Amino acid sequence: GATPVRVTLITGDQVELAPAAPGRVAATVRPGPGRERVIFQTLEVDGGLRVLPSDALPYVSSGVLDANLFDVQELAADGYGDAAQGDLPLIVRYQEPAAGRVRPLAVAAEARPLGSINGAALRVGKGDLGGLWTTLAATPRSRATATAPKLGGGIARVWLDARVRPTLEHSVPQIGAPAAWAAGRDGKGVTVAVLDTGVDATHPDLAGRIAEAQDFSGSGSARDGHGHGTHVAATIAGSGAASAGLRKGVAPGARLLVGKVLDDGGSGSSSAIIAGMEWAAHSGAKVVSMSLGATRPTAPTR
């Protein structure tokens, strides 16, 4: 009796998911305009459902197109269904450096440049995905050769800008921090960046510990409305003032940079994390803490 969920793929095709047997769903595909002759392959992967159009398969197989873009159950579960979100967030890597690049993909809005991967986070309206795919797949000659197919539009690779959420860490005594303190190693002189839900700068344990804070989540400030980021920051470099030293952090002598990459609901995007890492590296961080994760991790690597 559950309401079917519709998901528009990056190819512009629509997939409708409806409950079938207990714990299973049935997928019905509605091809995009002009795509009636495309063949669709349905696979069960890691307990989820993947719907792959035949013209996208070579790009997925070669790794230039993220397979998570076709995991329809995960897309629906993460809020990328058409009723929940009107656009599809992507991360792209460009073929050319920024200096010589002509602006690619006219249908996409560049939400955030990501210089460390020569790319950007993009948002594409669901109604524009068909046009996007026409541009990306406009290299038919490469598919007829033995070489890996290349995307068009000046794009080298495409990933889903996946949602990420906080995960918990091990406690201070379990990692032997008291023994390190006894040896005189408390993090003094080290800058640690915490990429999480922000920070409560008024917390007694963090007084004098935070050198700088930046927001990458779109929340408008680095204030922690969730609590996890403050918890992680205090676990790393908290003074223990609020508990008379009982809950002192792992490296109480460390200097903290705080990047808010997850919103107050505990959700964020892969591109926000990349932007936070770029900022942390440019700001002198020797260590970056990211106590977070995703059901199906997807992000560019170098």
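A. Local environment of the sheet that holds strand 1 (residues 5–8). Judged by pairing direction, the sheet is antiparallel, and its 3 strands sit side by side in the order 1-2-3 without closing on themselves. Looking along the sheet, the strands with just one partner apiece sit at the ends: strand 1 and strand 3 (25–30). Looking at each pair of strands side by side, their axes are set apart by 25 degrees on average, direction ignored. With 4 bridges joining them, strand 1 and strand 2 (residues 14–19) adopt antiparallel strand pairing. Pairing of Val5 across the sheet is with Leu17, part of strand 2.

B. Main features of the sheet that holds strand 14 (residues 268–269). In spatial order, the strands read 14-10-16; together these 3 strands make up an open sheet with antiparallel pairing. What marks the edges here is a single partner per strand, and that holds for strand 14 and strand 16 (292–293). Note: strand 10 (residues 163–166) against strand 16, 2 bridges, orientation antiparallel. Following the sheet pairing, Pro166 is matched in strand 16 by Leu292.

C. Molecular detail of the pattern of salt bridges. Following the criterion strictly, the structure yields 9 salt bridges and no others. Arg24 is the salt-bridge partner of Glu44, the closest N and O atoms lying 2.5 Å from each other. Taken together, the residues span a long stretch of sequence, with Glu44 in strand 4 (residues 40–45) and Arg24 in the loop between strand 2 and strand 3 at a distance of 20 residues. Accessibility expressed as a relative area gives 55% for Glu44, which makes it exposed. With its nearest N and O atoms 2.9 Å apart, the salt bridge here joins Asp82 to Lys126. With Asp82 in the loop between helix 2 (72–77) and strand 6 (87–94) and Lys126 in the loop between strand 8 (119–125) and helix 3 (129–136), this residue pair connects regions lying 44 residues apart in the sequence. In terms of burial, Asp82 and Lys126 fall into one category: buried. Via salt bridges that share partners, Arg6, Asp82 and Lys126 belong to a single interconnected network.

D. Quick look at the environment of Glu44. As a C-alpha pair, Glu44 and Asp71 span 27 residues in sequence and 9.2 Å in three-dimensional space. Among the polar contacts listed, one links the side chain of Glu44 to the side chain of Arg24, at a separation of 2.5 Å.

E. Region of interest: helix 3. Residues of helix 3 that are buried: Leu129, Leu132, Trp133 and Leu136. The buried residues of helix 3 occupy one face: seen down the axis, they fall within an arc of 95 degrees. For helix 3, the secondary structure elements touched by its buried residues are strand 1, helix 1 (57–62), strand 6, strand 8 and strand 9 (155–160).

F. Up close: the nonpolar core. Membership of the largest hydrophobic core comes to 37 residues, with the highest contact counts inside it found for Ile10, Leu65, Leu69, Phe70, Leu90, Leu136 and Val158. Among the secondary structure elements, those contributing two or more residues to this core are strand 2, strand 5 (48–53), helix 1, helix 2, strand 6, strand 8, helix 3 and strand 9. With sequence-adjacent residues up to four places away left out, Phe70 is seen in contact with Leu9, Ile10, Thr11, Leu49, Arg50, Val51, Leu52, Pro53, Ala56, Val60, Leu65 and Leu75. In this structure, Leu114, Ile117, Ala275 and Trp279 belong to the second largest nonpolar core, which totals 20 residues.

G. Quick peek at helix 7 (residues 270–282). For helix 7, spanning 13 residues, the distance from its first C-alpha to its last is 19 Å, which sits close to the expected 18 Å at 1.5 Å a residue. With 10 of its 13 residues buried, helix 7 lies for the most part within the structure. For helix 7, the full list of buried residues reads Ser270, Ser271, Ala272, Ile273, Ile274, Ala275, Gly276, Glu278, Trp279 and Ala280. At the C-terminal side of helix 7, Gly284 shows a positive phi close to 95 degrees.

Rules of the game
- Residues numbered from 1 in each chain as written.
- Predicted model: local features only at pLDDT ≥ 70, side-chain atom pairs only at ≥ 80, totals over all residues.
- Heavy atoms only, no water.
- Pairing = 2+ DSSP bridges.
- Helix = DSSP H or I, 4+ residues; strand = E, 2+ residues; numbered from the N terminus.
- Axes fitted to C-alpha atoms, helices over the stretch in contact; angles between N-to-C directions.
- Salt bridge = Lys/Arg side-chain N within 4 Å of Asp/Glu carboxyl O.
- Buried < 20%, exposed > 50% of the residue type's maximum accessible area, 1.4 Å probe, protein only.
- Polar contact = N/O pair within 3.5 Å; in protein donor to acceptor, adjacent residues only side chain to side chain.
- Arc of directions from axis to C-beta.
- Contact = heavy atoms within 4.5 Å.
- Core = buried A, V, L, I, M, F, W, Y, C linked by side-chain atoms within 4.5 Å.
- Expected span 1.5 Å × (residues − 1).

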